[in-house]
Amino acid sequence: MTARLLLDAMLGKLSTYLRMCGYDAEYVLDDSWGSSRTAQEPSDDEILRRARESDRTLLTRDVDLAARAPDAVLLSTREVRDQLRELRESGYALSLENPPTRCGACNGELAPVDAGASLPPYAPDPAETDCWRCLDCGQAFWRGSHWDDVGSTLAAL
């Protein structure tokens, strides 16, 4: 995917779907905002500055915020399935990235896990199932039931 996205605080669930579709989808409440973020949500000015400085398209449900960003995508619905429909209608390709490339939790890049590598007990054996690890947060991923559920959701749009 070539689009780099920044999702405001109202779109956390959507960020996971977009990451599974291969989008570089930063979420304003991710830990990647680090010390530049206070304990509260970032201000509209901080969000706009981040979008501009990181060359990201802003996705938001906030009409006033969208009006201040030249290429923002304004979503009007609350439900993630409806938001996905709106994005598809706006021209965004929505299908699962195979192999997966983005961490659903932190947006980091994924790398394949070697067959003999150690994974947490909750993960399948990488010798039997293709697995990936986030290079940033270390979380393990594989195409399991959640993958199938997201694929079904996307197919039904």
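Above: the structure in question.
Residues numbered from 1 in each chain as written. Predicted model: local features only at pLDDT ≥ 70, side-chain atom pairs only at ≥ 80, totals over all residues. Heavy atoms only, no water.

(A) Structural context of the overall build of the chain. Regarding its fold elements, the chain presents 5 helices and 7 strands. Each helix and strand of the chain, placed in order from N terminus to C terminus, yields the pattern β-α-β-α-β-α-β-α-β-β-β-α. Overall, the C-alpha framework of the chain stretches about 50 × 40 × 25 Å when taken along its three principal axes. The buried share of the chain, taken over its 157 residues, is 42%. Sequence separation of 24 or more characterises 47% of the internal contacts of the chain that already satisfy a separation of 6 or more. (Helix = DSSP H or I, 4+ residues; strand = E, 2+ residues; numbered from the N terminus. Buried < 20%, exposed > 50% of the residue type's maximum accessible area, 1.4 Å probe, protein only. Contact = heavy atoms within 4.5 Å.)

(B) Highlighting the sheet that holds strand β7 (residues 140-142). Spatial strand order, β5-β6-β7: 3 strands in an open sheet with antiparallel pairing. The open sheet has two free edges, formed respectively by β5 (110-112) and β7, since each of these has just one partner strand. Neighbour-to-neighbour, the strand axes of this sheet turn through a mean angle of 35°, independent of strand direction. (Pairing = 2+ DSSP bridges. Axes fitted to C-alpha atoms, helices over the stretch in contact; angles between N-to-C directions.)

(C) Expanded view of the packing of aromatic side chains. The final tally for this structure, using the stated rule, is 2 aromatic pairs. On the numbers, 6.1 Å between centres and 35° between planes, the contact of Y122 with W142 is tilted. Pair noted here: Y122 is in the loop between β5 and β6 (131-134) and W142 is in strand β7, with a separation of 20 residues, a long-range link. Note on Y122: relative accessible area 52%, which makes it exposed. (Phe/Tyr/Trp six-rings, centres within 6.5 Å; stacked < 30°, edge-to-face > 60°.)

(D) Fine view of helix α1 (residues 12-20). Every buried residue of α1 is listed here: L14, S15, Y17, L18, R19 and M20. On its buried side, α1 packs onto β1 (4-7), β2 (24-27), β3 (57-60), α4 (80-89) and α5 (145-155). Within two residues after α1, G22 carries a phi angle of roughly 95°, on the positive side.

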